[in-house]
Amino acid sequence: MSNFHLDIVTPDNLFFSDKVEMVIVRGIDGDLAVLKGRAPITTPLRIGKVRVFQEGKERVAAISDGYVSVQDDKVTIVTESAEWPDDIDIERAKSAKERAEKRLKDRRDNIDIHRAELALHRAINRIEVSQIKKFD
Amino acid sequence: MAETTREIKRRIRGISNTKQITKAMELVSSAKLKRARERLDKSRPYYETVLHNIQEILGSTGNVKHPLLDIREVKSSLYIVIAADRGLAGGYNGGVIRLAEKRIREQNKDAKIIAVGSKARDYFTKRNYNIVGQFIGISEDPQFSDAREIGSLAMDLYENKDVDEINLVYTMFKGTISQVPTIIKLLPSNEIDEEKKERKTITEFEPSPEEVLEYLIPKYIQSSIYGALIEASSSEQAARRVAMEAATDNAEEMIDELNISYNRARQAAITMEITEIVSGADALK
């Protein structure tokens, strides 16, 4: 399979920068697989997983909100945070999940609900991704 | 005579103490500068990519309507001024604050200020500027969430038409000895689409250009602010380091001079004593 360049950038670092064969991301309109020669596209992403295929192997990373931009065989994913399963602090994600759930149950004011929902999504996503590793 | 030597000794001791402090501060800011620079190098790809993407998109979409893109007659401007929480950083705080104030004077219109760092807040409060937001305690170690907060405050003001332009005033980090106070205009974005690319390819926007922009413009604002915060924190440490280095050098110089005067005074005292003894001995003859 032919390669293209993928960059995943976060405010804290250049998370990933290498040749890949395929990348699957979760756009706001559904999953999107990008192969070499994809027509230029820009779309926001959901909180979810990024699946990177390199030399037939798949790696999964958890990302929280961002966008993907494809230009001339260069794919850039810009996100606020990205983590490999190994880097995820499961305890932290679990406590974040509990916190968010509690906040959603209490429902005091409206602004917090939206934020709590996002936090909940992020936490669930992290927990899911961190468990992927254990199966292989 | 003994009085003067003691006096000089006392001053040397005083200056040595100060020197120790400035030296320590120099070392601390050297270490902090190193960390801040690493951070800067890591973060640069992020905000440069976002800026690049948004330029490309605005360049290729042409006329997209968005509340954050409409250009109005400027009646009121917002200035986000990024300075430090603490002083002793040479001309760092002064430079960026002066630049902001100069621009406000030139424009001579209603100005609102978001102050980052207590030095900026204190300065503008004292001069009765309209401060709409203040962020204290973040300038040394800025997080992305800080940028998000500043950004949403600024964007709300813009969308509610409380301000008609948003300027970001910060100190750009050019290197350890050179930091340049800079103003960039975040909104309206005529400056970003000036750099229209000669791009023939048509980019798809999923689900629609409007929605992509809806998402990207806040991202652009936040990441610009984040970039500025990070640049500013490196600049602050670099400026402080240089200032403290100069202070240490000055202290050393003063100590050297005082040492010379001390020796001279001591010499004079000894000479006098000898003269006294000799003349006393002479008198006995």
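Quick caveat: nothing in here was measured; it's all calculated off a predicted structure. (Residues numbered from 1 in each chain as written. Chains lettered and ligands numbered in written order. Predicted model: local features only at pLDDT ≥ 70, side-chain atom pairs only at ≥ 80, totals over all residues. Heavy atoms only, no water.)

### Observations regarding the confidence of the model for chain A
- For chain A, mean pLDDT is 83; residues scoring 70 or higher make up 92% of the total.
- No element of chain A has a lower mean pLDDT than helix α2 (residues 110–135) of chain A, at 75, and none a higher one than strand β1 (residues 4–9) of chain A, at 90. (pLDDT = per-residue confidence, 0-100. Helix = DSSP H or I, 4+ residues; strand = E, 2+ residues; numbered from the N terminus.)

### Considerations on the pairing of β1(A)
All names here are of chain A.
- Across the six residues that make up β1, a large majority, five, are buried.
- Sheet topology places β1 next to strand β2 (residues 14–20); six bridges connect them, and they run antiparallel. Of the residues in β2, the one forming a bridge with D7 is S17.
- Between β1 and β2, which follow one another and run antiparallel, lie four residues.
- Pairing analysis gives five bridges linking β1 to strand β7 (residues 74–83), with the strands arranged parallel. Across the sheet, the residue bridging to I8 is I77, located in β7. (Buried < 20%, exposed > 50% of the residue type's maximum accessible area, 1.4 Å probe, protein only. Pairing = 2+ DSSP bridges.)

### Section: the nonpolar core
- The biggest cluster of nonpolar side chains holds 53 residues, and the ones touching the most others in it are I80(B), I82(B), I150(B), I166(B) and I225(B).
- Sorting the residues of this core by element identifies α1 (2–61), β1 (76–82), β2 (110–116), α4 (144–159), β4 (165–175), β5 (178–187) and α6 (209–284) of chain B as the ones contributing at least two each.
- Once residues within four sequence positions are removed from consideration, I166(B) is found in contact with L78(B), I80(B), A154(B), Y158(B), I184(B), K185(B), L186(B) and L187(B).
- One finds F15(A), I41(A), I63(A) and W84(A) within the second-largest nonpolar core, a separate group that totals 22 residues. (Core = buried A, V, L, I, M, F, W, Y, C linked by side-chain atoms within 4.5 Å. Contact = heavy atoms within 4.5 Å.)

### Some words on the domain arrangement of chain A
All names here are of chain A.
- Each assigned domain of chain A is listed with its residue range as follows: domain 1 (4–83) and domain 2 (89–130).
- Inter-centroid distance (C-alpha atoms) of domain 1 to domain 2 is 24 Å.
- Facing the 10 residues of domain 1 at the interface are seven residues of domain 2.
- Buried surface at the junction of domain 1 and domain 2, both sides included, amounts to about 650 Å², of which 61% is carbon and sulfur. (Domains from an automatic or database assignment. Buried area = accessible area lost by both parts, 1.4 Å probe.)

### Focus: the side chain of E26(B)
Residue and element names in this part refer to chain B.
- Along the chain, the position of E26 falls in helix α1.
- This buried residue, E26, is left without a salt bridge; K23 holds the nearest opposite charge, at 4.1 Å.
- Once residues lying within four places of it in the same chain are set aside, the contact partners of E26 are R241, M244, E245 and T248. (Lys, Arg positive; Asp, Glu negative; His and termini not counted. Salt bridge = Lys/Arg side-chain N within 4 Å of Asp/Glu carboxyl O.)

### Concerning the pattern of salt bridges
Residue and element names in this part refer to chain B.
- In the structure shown here, the tally under the stated rule is 23 salt bridges over all chains.
- Among the ionic pairs, E7 bridges to R10, the shortest N-O distance being 3.5 Å. Here E7 and its partner R10 are both found in helix α1, three residues apart, which amounts to about one turn of the helix.
- A salt bridge links D141 to R39; its shortest N-O distance comes to 2.9 Å. Remark: R39 occurs in helix α1 and D141 occurs in the loop between β3 (130–135) and α4; sequence separation between them is 102 residues.
- Taking the relative accessible area as the measure of exposure, D141 reaches 47% and is therefore partly exposed.

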